[in-house]
Amino acid sequence: MTIEYLKKAEMTAATGEQDVRETVQAILDDIEAGGEAKARDYAAKFDKWEGDILVTPEAIAEASAKVSQKLKDDIRFAHDHVRRFAEAQLATLQDTEVELRPGLIAGHRNIPMSAAGCYVPGGRYAHVASAIMSVTTAKTAGVDQVVACSPAKAGEGVNPAILYTLDLCGADSVLALGGVQGVAAMAFGLFTGHPADILVGPGNQFVAEAKRILYGRVGIDMFAGPSEVMVIADATADPEIVAWDLVGQAEHGYNSPAWLIALDRKLAERVAVLVPELIASLPEVNQTNAAAAWRDYGEIALVDSPEAGAALSDNYASEHLEVHCADLDWWLKRLRNYGSLFLGEETTVAFGDKTSGPNHILPTKGAARYTGGLSVGKFMKTVTWQRMTRESTRDIAQVTARISRLEGMEAHARTADVRLEKWFPDENFDLAAVE
Ligand SMILES: NC(=O)C1=CN([C@@H]2O[C@H](COP(=O)(O)OP(=O)(O)OC[C@H]3O[C@@H](n4cnc5c(N)ncnc54)[C@H](O)[C@@H]3O)[C@@H](O)[C@H]2O)C=CC1
Ligand SMILES: O=C(O)[C@@H](O)CS(=O)(=O)O
Ligand SMILES: [Zn+2]
């Protein structure tokens, strides 16, 4: 198996991690000590926003009135797919119970969390689709209190289309806060009195790191940082479509990796020429983002077999993975590590990002090795229960007492002894530790 890099990235997803960690920890400590006033200070400092933090129903109505009917229809179109996909996933989460031995019944229940905090990014772009992805999924799962936050722009507030969307999807409250201050406010219940049980949603490196640091005190969906795309393409692929799909995600920001694994040299060389040309054709902000991302994080690797391509792809565990190859079924079966998979050139990451249905809040920085993206299951706790008849305790209590004594846990053993004494007074049991 050989891998030849036609373009190798200078930077990896881990570049600059330590600086971000220190910045984020300092802001979190400050807000934990200083509460709402400190959160306001950071909104003023980073986003120049000094207006209301808790968005009022009147402000939401006013913002919604500014959104055109055509855009409302498009948002509803996307929302309908995301909600129906989430409902289909919910239907697969079944409670269960089983009789493990006569009289011993054990089960599990899926219980939605009570409060969720949904981060909706808004620094560079107006992430309307992210609002749909998190809030709709939380509400479909049955979360009672859904608090959303999104950065406000100086003099304008939160983007009107995002406010309309959050309201449509069922957010219970909305905070005009972004970055670490938004994440902290949702975790600590500032402005709403509803501290989040789980924080979800994508964001830049500061947002993703804030969630990571808070994990443990609250649940998080996953590490959903700067967007990544990988395309695996063979000689059957259209180089222009491949190149656009790489550029399509590189525009997210200067630190968004776009990787190509090519099974054909001609295709790889053509894409290498096309990508900078396509980037140059973009509007200025998008061009600046994508050019930096491609320069520092872009890669083109040439491999000599599908197996080598699949193995390399699994190492990267990309957030988004597109396959433009013959025999898509082989790839579907073989690939293991990705946030979301797009099979064939008829689909593309942007379709998934905006409208098609499966969630776009997905693991980055290799987290796809151990988790998938956001789904109703992330808002659920699968908790277990058990009950037993007195008769069934006879065997369980004896084994429990013996294992507990072997472990040196005498009080555990006595909780078994006491039951056997009370419920089977005429019987003798061997309750000593077994060596
Ligand atoms: N993994 C996923 O599923 C997805 C990831 N994304 C990613 O979300 C990100 C969105 O990023 P942005 O546009 O920046 O919006 P954002 O809303 O995530 O971040 C903006 C906030 O960052 C904070 N900030 C900016 N500079 C800072 C600094 N020097 N120190 C501390 N805080 C600072 C500000 O408070 C600002 O409100 C992109 O990286 C995109 O790729 C977007 C959608 C899905
Ligand atoms: O990383 C992601 O999932 C993004 O590509 C989603 S969006 O383009 O911001 O909608
Ligand atoms: Zn995208």
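By convention here, each chain's residues receive numbers from 1 onward along its written sequence. Written order decides the labels, with chains lettered from A and ligands numbered from 1. In keeping with the predicted nature of the model, local features appear solely for residues at pLDDT of at least 70, side-chain atom pairs appear and are counted solely at 80 or more, and the whole-chain, interface and lining totals rest on all residues. In computing side-chain values, all of the structure's heavy atoms are included and hydrogens and water are not.

(A) Representation of the nonpolar core within the structure. For this analysis, a nonpolar core means a set of buried residues of the types Ala, Val, Leu, Ile, Met, Phe, Trp, Tyr and Cys, connected via side-chain atoms within 4.5 Å. Each residue is placed in one exposure class: buried if its accessible area under a 1.4 Å probe, protein chains only, is under 20% of its type's maximum, exposed if it is over 50%, and partly exposed if it falls in between. Among the nonpolar cores identified, the biggest contains 72 residues, and Val 135, Leu 166, Leu 175, Leu 177, Phe 191, Leu 199 and Phe 379 are the most heavily contacted of them. Runs of E in the DSSP output that reach at least two residues are strands. Runs of H or I that reach at least four are helices, and both are numbered from the N terminus. Among the elements that make up this core, the one with the highest residue count is helix 1 (residues 17–47) (eight residues). By definition, residues are in contact when any of their heavy atoms lie within 4.5 Å. Contacts of Leu 175, omitting those with residues within four sequence positions, involve Ile 53, Leu 54, Val 55, Val 147, Ala 148, Cys 149, Ser 150, Ala 185, Met 186, Leu 190, Phe 191 and Thr 192. If you look at the next biggest cluster of nonpolar residues, it comprises 27 residues, including Leu 246, Val 275, Leu 282 and Val 349.

(B) Spatial organisation of the site of ligand 1. A cutoff of 4 Å decides nearness: a residue is near a molecule or strand if any of its heavy atoms lies inside that distance of it. Taken together, 29 residues lie near ligand 1, and Asp 47, Tyr 119, Arg 124, Asn 204 and Ser 227 sit nearest. In this structure, an oxygen atom belonging to ligand 1 sits 3.0 Å away from a main-chain N or O atom of Gly 123. One of the backbone N or O atoms of Gly 179 is found 3.5 Å from an oxygen atom in ligand 1. Surface burial for ligand 1 is 88%, taken as the share of its 870 Å² of free accessible area covered by protein chains. For the shell around ligand 1, the secondary-structure elements that each account for two or more residues are helix 1, helix 6 (179–188) and helix 7 (205–214). Lys, Arg, Asp and Glu make up the charged group, whereas Ala, Val, Leu, Ile, Met, Phe, Trp, Tyr, Cys and Pro make up the nonpolar group; the residues left over, Gly among them, are polar. Of the residues assigned to the shell around ligand 1, the class counts are 11 nonpolar, 15 polar and three charged. Here the shell around ligand 1 spans two domains, and each of domain 1 (17–221) and domain 2 (226–372) adds at least three residues to it. Polar contacts, as used here, are pairs of N or O atoms within 3.5 Å; protein pairs need one atom able to donate a hydrogen and one able to accept it. Residues neighboring in sequence count only if both atoms are side-chain atoms. Computed by Shrake-Rupley with a 1.4 Å probe, the accessible areas treat only the displayed protein chains as cover when residues are assessed. In this document the domain limits rely on a domain assignment from an automatic tool or a database.

(C) Structural detail: the coordination of the zinc ion (ligand 3). Donor atoms: N, O and S within 2.8 Å of the metal, or within 3.2 Å for Na, K and Ca. Because water is excluded, sites can look incomplete. Distances from the zinc ion (ligand 3) to its protein donors, namely Gln 249 (OE1), His 252 (NE2) and Asp 353 (OD), fall within the range 2.0 to 2.3 Å. Taken in sequence order, the residues that donate to the zinc ion (ligand 3) follow the motif Q-x2-H-x100-D. His 252 matches Gln 249 in its accessibility class, with the two residues each being buried.

(D) A look at the sheet that holds strand 6 (residues 173–175). An order of 6-5-4-7-8 is seen for the five strands of this open sheet, with the pairing classed as parallel. Edge positions in the sheet fall to strand 6 and strand 8 (219–220), since each has one partner strand and no second. Any two strands are treated as partners once DSSP identifies two or more bridges connecting them. Here two bridges tie strand 7 (residues 198–200) to strand 8, and the two strands are oriented parallel to one another. Bridge pairing in strand 8 places Leu 199 opposite Ile 220. Contacts from helix 7 reach strand 4 (115–119), strand 7 and strand 8, with the element oriented near 160° to strand 7. Axes here mean lines fitted to C-alpha atoms, for a helix over just the part in contact, with angles spanning 0 to 180 degrees between N-to-C directions.

(E) Molecular detail of the pairing of strand 13 (residues 340–343). Pairing analysis gives four bridges linking strand 12 (residues 320–324) to strand 13, with the strands arranged parallel. Each bridged residue has a counterpart across the sheet, and for His 320 the counterpart in strand 13 is Ser 340. One crossover worth recording links strand 12 to the parallel strand 13 by way of helix 12 (residues 328–334), and it is right-handed. Here is how to tell: hold the view so the strands point away, follow the path from the first strand over the helix to the second, and if it runs clockwise the crossover is right-handed.

(F) Local environment of the environment of Ala 176. With respect to the helices and strands, the residue Ala 176 is situated in the loop between strand 6 and helix 6. Residues within four places of Ala 176 in sequence aside, it is in contact with Trp 49, Asp 52, Ile 53, Val 55, Ser 150, Ala 152 and Val 158.

(G) Structural view of the pattern of salt bridges. A pairing counts as a salt bridge when a side-chain nitrogen of Lys or Arg comes within 4 Å of a carboxyl oxygen of Asp or Glu. Per the stated rule, a full pass over the model turns up 23 salt bridges. Across the pair Asp 41 and Lys 38 runs a salt bridge, and its minimum N-O distance is 3.7 Å. Separated by three residues within a single helix, Asp 41 and Lys 38 lie in helix 1, roughly one turn from each other. Judged by relative accessible area, Lys 38 falls into the partly exposed class, the value being 27%. Among the salt bridges present, the one from Arg 295 reaches Asp 296, with a minimum N-O distance of 3.0 Å. In this structure Arg 295 comes out as exposed when scored by relative accessible area, which is 54%.

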